[in-house]
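Reading the structure
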Amino acid sequence: MADTLTITDNRTGKTYEIDIKDGTIRADALRKIKTSDDDFGLMTYDPAFMNTASCRSAITLIDGDKGILRYRGYAIEDLAEQSSYIEVAYLLLHGELPNEAQLRKWSHEITHHTFVHEFLRKSMEGFRFDAHPMGKLVSMLGALSTFYPEAKKVRDDKTRRQEIVRIIAKMPTLSAWAYRHAVGRPYVYPDNELSYCGNFLNMIFRMAEPRFEPHPVLERALDILFILHADHEQNCSANAARAVGSAETDPYCSLAAASAALYGPLHGGANEAVLHMLKQIGSVGAVPEFITGVKNGSGRLMGFGHRVYKNYDPRAKVIKKLAHEVFEVTGKNPLLEIALELEKIALNDDYFVKRKLYPNVDFYSGMIYQAMGFPVDMFPVLFAIPRASGWLAQWQEMLQDPEQKIARPRQIYTGADLRPYVPMSERATKPAT
Ligand SMILES: CC(=O)SCCNC(=O)CCNC(=O)[C@H](O)C(C)(C)COP(=O)(O)OP(=O)(O)OC[C@H]1O[C@@H](n2cnc3c(N)ncnc32)[C@H](O)[C@@H]1OP(=O)(O)O
Ligand SMILES: O=C([O-])CC(=O)C(=O)O
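Rules of the game
- Residues numbered from 1 in each chain as written.
- Chains lettered and ligands numbered in written order.
- Predicted model: local features only at pLDDT ≥ 70, side-chain atom pairs only at ≥ 80, totals over all residues.
- Heavy atoms only, no water.
- Near = heavy atom within 4 Å.
- Polar contact = N/O pair within 3.5 Å; in protein donor to acceptor, adjacent residues only side chain to side chain.
- Areas by Shrake-Rupley, 256 points an atom, 1.4 Å probe, with all protein chains shown as cover.
- Nonpolar A, V, L, I, M, F, W, Y, C, P; charged D, E, K, R; others polar.
- Phe/Tyr/Trp six-rings, centres within 6.5 Å; stacked < 30°, edge-to-face > 60°.
- Helix = DSSP H or I, 4+ residues; strand = E, 2+ residues; numbered from the N terminus.
- Buried < 20%, exposed > 50% of the residue type's maximum accessible area, 1.4 Å probe, protein only.
- Pairing = 2+ DSSP bridges.
- UniProt positions renumbered as here; feature names shortened; annotations may be inferred.
- Contact = heavy atoms within 4.5 Å.

A closer look at the site of ligand 2
The immediate surroundings of ligand 2 are formed by His232, Asn235, His267, His306, Arg315, Phe383 and Arg387. Taking histidine 232, its side chain carries an N or O atom lying 2.7 Å from an oxygen atom of ligand 2. Measuring from an oxygen atom of ligand 2, one finds a side-chain N or O atom of arginine 387 at 2.7 Å. Notes on ligand 2: free accessible area 270 Å², of which the protein chains cover 85%. Classifying every residue of the shell around ligand 2 by side-chain character gives one nonpolar, four polar and two charged.

Structure, rendered in structure tokens:
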């Protein structure tokens, strides 16, 4: 339903009439009301785009107040229970669940692109022994672009599909090699007989011939975690993938940018930060004092809070339940008790209740990864592997949207007015900084 909003600019006294449709003001409605060359028109000031829809998307729906997450209309809980990560990746990218033949073809294609060029394996050797695996992954994704110059044809449907398959296939290989480099063990090549997660676990943990045999509960748990992490609409890293991709940059570099965004502790790096926080707290008895510190500004409660969810993150609910199933096999992660106590106290504390701060996807996932034997610095990498399918779905949708243009927000200029250049001899002397 169309409606009209009348706005008066206090500075110029001009009045503007703006069309609103379905609760949304379109930016072109603002642009069109520019009345003369010395009129800058109207602009929205929305730091971090908290109230600005940067795109239209049919991929993922979040209802943050109700704690609902759906991929292409399917509830995340149903997908976690009944689907597989490879099927979900297909769903995100194609819009529909695959039939049997489509799934077979899709899995086959991905399985047969898992190998990466030997030169990349060698370039891993250039990193320091203690390099963070996420730093290595970001670099390796950028480096991959140099092996596939044809990927620059981003407007070509066939090329795009080829690169999508390659990236989903190669993410586990690069990630596993980043780990093997850190621990000084020989790299394990992909095994095309194995499932997506089975192959990844083999490349990570294999110590002797013929293969690493994961416990089926743990292999399935990893697959469920991959499903839960696959997409999350316009989060910081998807936004980075779209923004960089909007310049028609190739998908490897666009995903390197997305991975760099994910690396941050306020985003995908939070799973790593949660583990450090729980270790630092050290005991259930120390939780109340830690919470008091957070309320007094000592730092944030990592794994809590979300830009969109003002209710329990539905992924965290599934992960919390999954943690108990995993611990039946691995034994309980001793940090679980501290996490449960943190959640209990926070959810009953006015500070967190008033701000609607609940556990997010990163709160419990790390405890599962740790129980499976992954080192803490691999946690953001474990997030990036499945998120690649979401980034690629967002990137593809952006390129296919005829309304999408290069990402280029405006600004409110707060600097000096025009002033004459000051010769060096007339500048005030200040000590060099
Ligand atoms: C996969 C993901 O990316 S999920 C998110 C992972 N990140 C984390 O877990 C890090 C901890 N959480 C946070 O830093 C934030 O909640 C974010 C970054 C996720 C969301 O941030 P925003 O939507 O910008 O919320 P904002 O920073 O404005 O916080 C709103 C209020 O809640 C407080 N707050 C938000 N999160 C937390 C937290 N985890 N611990 C303590 N206080 C918090 C803020 O201090 C602020 O309080 P104020 O109104 O008194 O100033
Ligand atoms: O949506 C967000 O802002 C962060 C998040 O939970 C995700 O990317 O999974």
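Alright, that's what it looks like, and here's the rest.
Observations regarding the site of ligand 1
Taken together, the neighbourhood of ligand 1 is formed by 19 residues, with Leu266, His267, Arg300, Leu301 and Gly303 sitting nearest. In this structure, an oxygen atom belonging to ligand 1 sits 2.8 Å away from a side-chain N or O atom of arginine 300. When the free accessible area of ligand 1 is taken as 920 Å², the share hidden by the protein chains comes to 72%. Of the residues contributing to the shell around ligand 1, the split by class is ten nonpolar, five polar and four charged.

Considerations on the packing of aromatic side chains
Tallying each qualifying case throughout the model produces 20 aromatic pairs. Pairing tryptophan 177 with tyrosine 187 gives two aromatic rings, centres 5.5 Å apart and planes at 55 degrees, and the pair type is tilted. Taken as a pair, tryptophan 177 in helix H7 (residues 157-183) and tyrosine 187 in the loop between H7 and helix H8 (196-205) lie far apart in primary sequence, ten residues in all. The same class applies to tryptophan 177 and to tyrosine 187, which are both buried. Ring-pair connections join several aromatic residues into one group, and the members of that group are Tyr85, Tyr179, Tyr196, Phe200, Phe205, Phe212, Phe226, Tyr369, Phe374 and Phe379.

So, unusual backbone geometry
For residues other than glycine, phi is negative in most cases, and the peptide bonds are mostly trans. The omega torsion of the bond from glutamate 209 to proline 210 falls at -10 degrees, within 30 degrees of zero and hence cis. If you check the backbone angles, phenylalanine 49 has positive phi at about 50 degrees while not being a glycine. Of note in this structure, lysine 356 is not a glycine but carries a positive phi near 55 degrees. Locating lysine 356 in the fold gives a position in the loop between helix H16 (350-354) and helix H17 (362-372). Among the residues examined, lysine 356 registers a relative accessible area of 42% and is labelled partly exposed.

Quick word on the pairing of strand S2 (residues 15-21)
The pairing of S2 with strand S3 (residues 24-25) spans two bridges and is antiparallel. Looking across to S3, one finds that isoleucine 20 is bridged to isoleucine 25.

Focus on the UniProt feature "active site" (unreviewed entry) in the chain
The sites that carry the UniProt feature "active site" (unreviewed entry) are, in the present numbering, His306 and Asp362. On the basis of their most widely separated C-alpha atoms, the annotated residues across 57 residues gather in one place, lying no more than 10.6 Å apart. In this structure, histidine 306 sits in the loop between helix H13 (287-295) and helix H14 (314-330). Within the local environment of histidine 306, its side chain forms a polar contact with the backbone nitrogen of tyrosine 309, the two atoms lying 3.2 Å apart. The contacts of aspartate 362, once residues within four sequence positions are left out, are His267, Gly268, Ala270, Asn271, Val274, Gly303 and Phe383.

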